[in-house]
Every structure is written in structure tokens, then in C-alpha cells.
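# Examination of the molecular architecture
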Amino acid sequence: MSGAALGIEIVVVFFLALFLLHQYGDFRKQQRMVLFGTLLAWYLCFLIVFILPLDVSTTIYNQCKIDHKEHFTVPSVPSNHSVGNMSATPTKSIVPKPCYEPWSYIPNGIMPVFWRVVYWTSQCLTWLLLPFMQSYARSGGFSITGKIKTALIENAIYYGTYLLIFGSLLIYVAVHPKWRLSWNELQTIGITAANTWGLFLLVLLLGYGLVEIPRSYWNASRHGHLLIKTYFKASKLMTEKADAEENLEDVMEEVRKVSESIKYNHPLRKYIDTILRNCPLDYQEKMGRNMDDYEDFDDKQNTYPSEKSLVKLHKQVIYAVQRHNRTRVQWQILLQQAIHLEDVAKNETSSTHQFVHSFPPSEPAGWFSRYVYTPTCWFYRLLSVVLTLFSVAVVWSECTFFSTRPVLSLFAVFVQLAARDYNYLYIEMACFITIFFLCTCVYSTVFRIRVFNYYYLASHHQTDAYSLQFSGMLFCRLTPPLCLNFLGLIHMDSAISHQQKEQTAYTSIMGSMRVLSFIADGFYIYYPMLIVILCIATYFSLGTRCLNLLGFQQFMGDSEMTSDLIDEGKELIRREKRKRQRIEDGENRRREWKERYGNQREDYTARNRSNHEMKETSYSEAVNPTNHRQAKYSRAVSRAERDCIELLQDAEPLDFNAESLADDPLDSESGSRIFDDV
């Protein structure tokens, strides 16, 4: 099993990152470079989280071998000590338990190289490549060179700030007489600076997630609360949807004007065609019908837009179309959720023990609900209680992890108890559950937060390229300090616990934090205590209240604005249900009409056709009894005439209605004159 666990987790984590990217990104429409950069960033961050427990168990095994080696090494006896004195004061030696190799043991030399590749690749992505790719994907340029130029200009201030700070630090270190830093120490300073920035953001997100995640599962058991909140979301989403549609119409109007002014043989026409390909299909058809390809352009009479203005217009089109599609899909999903919650409320008071849907569900139930278990109210409440206990343990450990004697951190106590018995499976499971819970609190906050319309992760393939790459940047900056914080919680980081023990391979690549003692002994220890204040503020929804005061409508039960939005959302859902009901009734009526009268009409048409052919045959025989004898003297009927006769015979007769006959003889005469030419 040596190294097998590492290989299995590498493959599993890759498919996990690919699955999440499929849920939020669009493999068919988005650029391959955007998808590859986001997938690589997510994959490396998830890989750190899943592999770190293996590193911890391997480190405990190596520490066990070191302890055995020190125990069985016989110390030299000083000459002034006699045998009698030694026998007079007997000592009891405790023989440590034998070391058992863990099932997931990774040979020496693999983990340091692995962590070095993963860490530095993720840091290059988050600080250099992803910002550039972000501007490149958002650019409205029509060529690769134009997009690269735009991305470099937008990131000039970003990269220039980093170069200025790094250059200032190098000059300060070079001039300072007491500091003679080597390359490894400079590298450690850079790592410490990046981790400090990440830890600052990590505590903010973690303080929100530790309270909000248990509360969200508790609220999931309250269907009435979910329904009211869905009404509130529907009102806000409809406003955003209307704004997106209006914005799209304005942009399409501008595209139409530019398309009409630039004709088919204009040098800038290829750029217009590129813009039109990114427009919705109905707008493309409208603009195509109004386009006269045979009208030449005249440079002297008309004023034409510049290439720079077309680049700006192209960028606006991409943003407007993406926003319109996202709001449209989200509205359909939210509408389906609201209808389902209303059905749940109706069926709760129903006497029948069968769930009745108002409308047939558009999507089948998930495989977990169908084959494993359907979550109930009690399941969500029990899960909420368990997550609350985890949150309390995390808050307590964050405030006491610096104390090594006695050990106050709960997670350090659990890991040390398992390490005494060398129960490596329990160690790995405890480490994995702990770090997975921490990552869930942090990453779920990243998936939930929304910075206006610039950053927003929307499921069902509706996330734009800018938000995907921004999330990859956040993950790469948050994961390393999160792992260091976890190692501090279980007292596996010697820079914080001040214990002379075997270090993990992950902390070895971070370097010694003793270079910057004020960060290792101050910021890394006392700043995580701020999480207590953040949890209290999140519990009382202080951030939500502040945003509500600033004019950003947030869901608050005691607000008059919230009540108005709930009523508006309820009316919107009712209107959409009536619209869907009318459509469904119309389809049912058409289906019933086709089933009832479709076959009868076909039989009636066939019977009339056969009667018409029989009358034609009998009439021709009565008028021309000697037709067969004169056939050889008559002219042959042409193919066109035969086709006309067949068409007249296949024509369905008009429906006859006696009430439609006119009493005026002039009308009948006029009616007869209509068919004189037939």
C-alpha cells in the first residue's frame, strides 16, 4: 500500500474538481484557457486538503521511529558515579510501544517534492497567471494580440504594485546592517507575507461560515421560512431579470445601429460579424433581415465607429448576454423551488398520504433521494446540531491552540490520544473531518458571497469566466493559511507550539517562521481569536442589518421593506403559476381534440375523396360514351395537366354550412361567377 493511497486520492480529487467545474462552468461555450486555469487552481487546492492527513500520519510514524532510536541508545556513564550509587537509586524505564507502519505510509522524499510542486504552482496561478487570464477572458478584443495587450494594460497597476513592494523590501534588507538574509530566508518572507494576507481573509470567511452553515441547515427544516425567503428572492430576482433584459435591449439597439452603418464591404465588417455571433439568435435574425448586402459604404458621407469603440461594444455584448441568460435560468430554477415549497405546504395539511404535485416536476429526483435516503426535517435538525458542536469546538480551539501545557485545543487532544496507540486510521479520519469542516465553512462562503455583478458563482453552468477565475484566485490564497491554521490546532506546527518534534513535510517547505518572530508569535496566535467577535456578529446578523441600512435589500423578518418584497414575490409566483396553468390547459385541449377528432377527420377526408373520384368517373362516362373509341384521335394529356388534375382531386372539400347561404339571388349569381373559370 506504499504510495497507493496518494495515487488514489490524486485521481479522486481531480474528478471532484472536474464535477464542480461542470456544475458552475460551461464546457461548450467558455474558453478552454479559462476552464483549464480554473480547474487547475481548484484541483491543487482540493489536493492540499485531501493529502494533508496522510502527511500527518506519516509524520507521527517518523516521530515514533525517532523516539525508539533515542530510547534504545545507551548513554555513557560518568566516571565519578559508582555502581552502588546507581543501584541505590533505581530508575524505571518505560519501553515505548513498537511502531507500526501506517497503511497509507508515503516513503521519505516524496512528500516534500509533492508539496513544493503543488504550493508553488498554486501561488504562480493566483498571483501571476489568473489575474492576466481574467483580464484576457473579459476583454472584448477581436484577436489574440488585442486581448493580450488589453490584459497587460489592465494588470499594469496590479503587477507594478507588487514589484514596488518587493523591490522596496529588497533594498531595505540590503541596506540594513544587521540583516544578512539568504535566498531561503527571503523565500520564507515571501511565503509568510502571502499566508498573512490569506489568514486575514480566512478568519473573516470562517467566522461567517461557522455560524451560517449550521443555521442554514436548521432553517432547511422550516418549510414555511424557506417559502417566505423564496418569495423574497423571487422579488429581487425579477427586478434583476428586468434590468438585465433592459440592458440587453439597449446593447442590441446599439449593435443594430452599428451593423446598419457598416456595410458588407467595409474593413470593420468582420468585427461586426464577430459581435453578431455573440448575440442571441432572435436578435441575429432580426438584424440579418434588415441588412442590405448590396449597398456599398461611402467614407465621405457617413461617420463610422473606431475599432476601439467596437472592442468596448463587444465587451458589453458579452456581459449583457451572459447576465441575461443567467437571470433567465435562475428565475426558472427559483420558480420551480417556490412551486415545490407551496406543494409541500399544501400536502402537509392534506388528509391523503400521497404527495400531489401542482405541476409535473421538470427534473427527476436525485439519485441520493431515490436510492439512499430522502432528507426529512429531523435529519436537517440533527445535522444542524452536530455542525453547531463542531463550530463550538473550532472556536474554542482557535482561542486556546497556543497552550501546549496543558493541551486545551480539542482537536490536539483527539490526535494525541490516537497517536499514543498509533491508530493511524483514526488519526487520518479525525484530521480529514476537521479540515473538511473548516474548508466547507470557508469555501461555501466563497460560493455564496456576491460582489454586485462582478463576482458571482451561479450553478447550472451560469458562471462567467471572470467569476470562475476569481474563485480560483481566492482558493489558492486561502488554502495554504487554512492548512497551517489546522496544523496549529493539532500542535503539529513547531513555529506556533514551540515543541521540538518532527515537522510535517508541508511545514518544512514553508520555512522557519522564526525569521519574522513578530508574525509567528503575535499575528498567527492572537488574530484567530477575532473569530469569536465575527461569530457573534454573524449570529445577530449585524452585517445584514448594516447592508439593509445602506440600501441593499436583505432578508430580515422584522423589516417593512422585507414584507413588501415578500408580498410582491408571492404575487409574481402566483402569476407565473397561472401562466403555466394556461399553457398546460391549452396543451391538454389540443391533445384531447386530436385524439377525439383527428381520426374522424382523416376518415371523412378519405371518404369524400373516393366519392369525388367516383362522381368524376361516372360523369365522364355519361357525357362521352364513345370516349374509348375516340381516344386514338384525341391529343395526349400532358404531364402538367395530369398534375393539376391530381392536385384538384386531392384538395379537401370546404366545410358546408347551411346558415352561410345567402337569400339574395345576386349573391348566388356572384358566387357562381367566381367558379366560371374553373
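Basis of the calculations
The numbers attached to residues start from 1 for each chain and follow its sequence in the written order. Totals for whole chains, interfaces and linings use every residue, but because this is a predicted model, local features are given only for residues with pLDDT of at least 70 and side-chain atom pairs only at 80 or more, for both listing and counting. Note that water and hydrogens are dropped before the side-chain values are worked out from all heavy atoms of the structure. Labels follow the DSSP assignment, with helices taken as runs of H or I lasting at least four residues and strands as runs of E lasting at least two, numbered in each case from the N terminus. Accessibility here uses a 1.4 Å probe with only protein chains present; expressed as a share of the type maximum, an area under 20% marks a residue as buried, one over 50% as exposed, and anything in between as partly exposed. Using a 1.4 Å probe, the Shrake-Rupley method yields the accessible areas, and only the shown protein chains count as cover for residues. Expected span of a helix: the number of residues minus one, times 1.5 Å. The criterion for an aromatic pair is that two Phe, Tyr or Trp rings (for Trp, the six-membered ring) have centres within 6.5 Å, with stacked assigned to planes under 30 degrees apart, edge-to-face to planes over 60 apart and tilted to the rest. Here, a charge over a ring is recorded when the distance from Lys NZ or Arg CZ to the ring centre is within 6 Å and its angle to the ring normal is within 35 degrees. The contact criterion used is simple: two residues touch if any of their non-hydrogen atoms lie within 4.5 Å. As a rule, the C-alpha atoms of each element are fitted with a line to give its axis, helices using only the stretch in contact, and angles between N-to-C directions run from 0 to 180 degrees. With respect to orientation, any angle under 35 degrees is reported as roughly parallel, any angle over 145 as roughly antiparallel, any angle of 65 to 115 as roughly perpendicular, and every other angle as oblique. Under the grouping applied here, Gly and all other residues not named as nonpolar or charged are polar, the nonpolar ones being Ala, Val, Leu, Ile, Met, Phe, Trp, Tyr, Cys and Pro and the charged ones Asp, Glu, Lys and Arg. Note on definitions: salt bridges are taken to be side-chain nitrogens of Lys or Arg within 4 Å of carboxyl oxygens of Asp or Glu. Definition used in this section: a nonpolar core is a set of buried Ala, Val, Leu, Ile, Met, Phe, Trp, Tyr and Cys residues joined via side-chain atoms within 4.5 Å. In this scheme, patches are assembled from residues that exceed 30% relative accessible area and form no salt bridge. Like charges are connected within 9 Å, while nonpolar side chains (Val, Leu, Ile, Met, Phe, Trp, Tyr) are connected within 5 Å. His is not counted here, nor are the chain ends, while Lys and Arg score as positive and Asp and Glu score as negative. Just so you know, the charge point we use is NZ for Lys, CZ for Arg, CG for Asp and CD for Glu. By definition, turning the near helix anticlockwise from the far helix through less than a right angle yields a left-handed crossing, and turning it clockwise yields a right-handed one. The predictor reports its confidence for every residue as pLDDT, a score running from 0 up to 100.

### Looking at the overall build of the protein
Along the backbone of the protein there are 25 helices and two strands. Here the protein, with 678 residues, has 36% of them falling under the buried criterion. Put simply, the protein shows about 41,600 Å² of open surface, and 60% of that area lies on carbon and sulfur atoms.

### Digging into helix α13 (residues 377-400)
With 24 residues, α13 should reach 34 Å at 1.5 Å per residue; the first-to-last C-alpha distance of 35 Å fits that figure. All of the buried residues in α13 are Ser384, Leu387, Ser391, Ala393, Val394, Val395, Ser397, Glu398 and Thr400.

### Re the packing of aromatic side chains
Applying the stated criterion across every chain, the model contains 28 aromatic pairs. Judged by centre distance (5.3 Å) and plane angle (55°), the rings of Phe50 and Phe432 are tilted. Here Phe50, found in helix α2 (residues 32-71), pairs with Phe432, found in helix α15 (residues 424-448); they are 382 residues apart in sequence, far enough to count as distant. For Phe50, a relative accessible area of 17% puts it in the buried group. Classification of Phe432 by relative accessible area gives partly exposed; the value is 26%. Among the aromatic residues, ring-to-ring pairing joins Tyr24, Trp42, Phe46, Tyr443, Phe447 and Phe475 into one connected group. If you follow Arg477 out to its NZ or CZ, it ends over the ring of Trp197, 5.2 Å from the centre.

### Observations concerning the environment of Glu154
With respect to the element layout, Glu154 can be found in helix α5 (residues 144-154). The spatial distance from the C-alpha of Glu154 to the C-alpha of Phe132 is 8.5 Å, given a sequence separation of 22 residues. Not counting residues within four places of it along the chain, the set of residues in contact with Glu154 comprises Ser135 and Lys315.

### Overview of the packing of helix α9 (residues 269-277) against helix α11 (residues 307-348)
Viewed as axis vectors pointing N to C, α9 and α11 meet at an angle of 5°, and their least axial separation amounts to 10 Å. It follows that α9 is roughly parallel to α11 by the angle criterion. Between α9 and α11, the contacting residues are Tyr271, Ile272, Thr274 and Ile275 on the first element and Glu307, Leu310, Leu313, His314 and Val317 on the second. Per-class residue counts for the contact of α9 with α11 are six nonpolar, two polar and one charged.

### What to know about unusual backbone geometry
The step from Arg405 to Pro406 runs through a cis peptide bond, and the omega angle for that step is 0°. Within the element layout of this structure, Pro406 appears in the loop between α13 and α14 (410-420). Unusually for a residue other than glycine, Tyr422 sits at a positive phi of about 55°. Examined against the element boundaries, Tyr422 turns out to sit in the loop between α14 and α15.

### Remarks on the pattern of salt bridges
Between side chains of opposite charge, a pair can form when the charged atoms approach closely. Overall, the coordinates contain twelve salt bridges when judged by the stated rule. When the shortest N-O distance is used, the salt bridge between Arg323 and Asp243 registers 3.0 Å. Pair noted here: Arg323 is in helix α11 and Asp243 is in helix α8 (residues 223-261), with a separation of 80 residues, a long-range link. Assessed through its relative accessible area of 9%, Arg323 is described here as buried. For Asp243, a relative accessible area of 38% translates into the label partly exposed. Where Asp273 meets Arg269, a salt bridge forms, and the shortest distance between an N and an O atom there is 3.3 Å. You can see Asp273 and its partner Arg269 sitting in helix α9, four residues apart, about one turn around the helix.

### A few points about the nonpolar core
The biggest cluster of nonpolar side chains holds 92 residues, and the ones touching the most others in it are Trp42, Trp115, Leu210, Ile427, Ile490 and Tyr506. Looking at this core, the element that brings in the most residues is α2, giving 19 residues. In this structure, Trp42 is in contact with Ala17, Leu20, Leu21, Phe447, Leu468, Ser471, Gly472 and Phe475, ignoring residues within four places of it in sequence. Of all hydrophobic cores here, the second largest spans 20 residues; its members include Tyr271, Ile275, Leu310 and Ala320.

### Details of a negative patch on the surface
Residues Glu560, Asp564, Asp567 and Glu568 make up a contiguous surface patch of negative charge. By secondary structure assignment, the location of Asp564 is in helix α22 (residues 560-623). What makes Asp564 partly exposed here is its relative accessible area of 41%.

### Some remarks on the packing of α15 against helix α16 (residues 465-489)
A packed helix pair is summarised by two numbers, namely the angle formed by the two axes and the spacing between the axes. Where α15 contacts α16, the axes come no closer than 11 Å and their chain directions differ by 145°. Where α15 crosses over α16, the two elements pack in a sense that is right-handed. Contacts between α15 and α16 involve Cys431, Thr434, Ile435, Leu438, Cys439, Val442, Tyr443, Val446 and Phe447 from the former and Leu474, Phe475, Leu478, Thr479, Leu482, Cys483, Phe486 and Leu489 from the latter. When the residues that make up the contact of α15 with α16 are grouped by side-chain class, the tally is 15 nonpolar, two polar and no charged.

### Thoughts on the confidence of the model for the protein
Mean pLDDT over the protein works out to 79, with 76% of the residues at or above the 70 mark. Here residues 76-92 is modelled with pLDDT under 50, and outside its nearest four sequence neighbours on either side it reaches one contact, counting other chains as well. For the stretch residues 625-637, pLDDT sits under 50, and the model shows two contacts to residues farther than four places along the chain or on other chains.

### A word on the environment of Val12
Along the chain, Val12 falls in helix α1 (residues 4-24). Of the residues examined, Val12 reaches a relative accessible area of 49% and is grouped as partly exposed. Along the sequence, Val12 and Leu47 sit 35 residues apart, while their C-alpha atoms lie 9.4 Å from each other.

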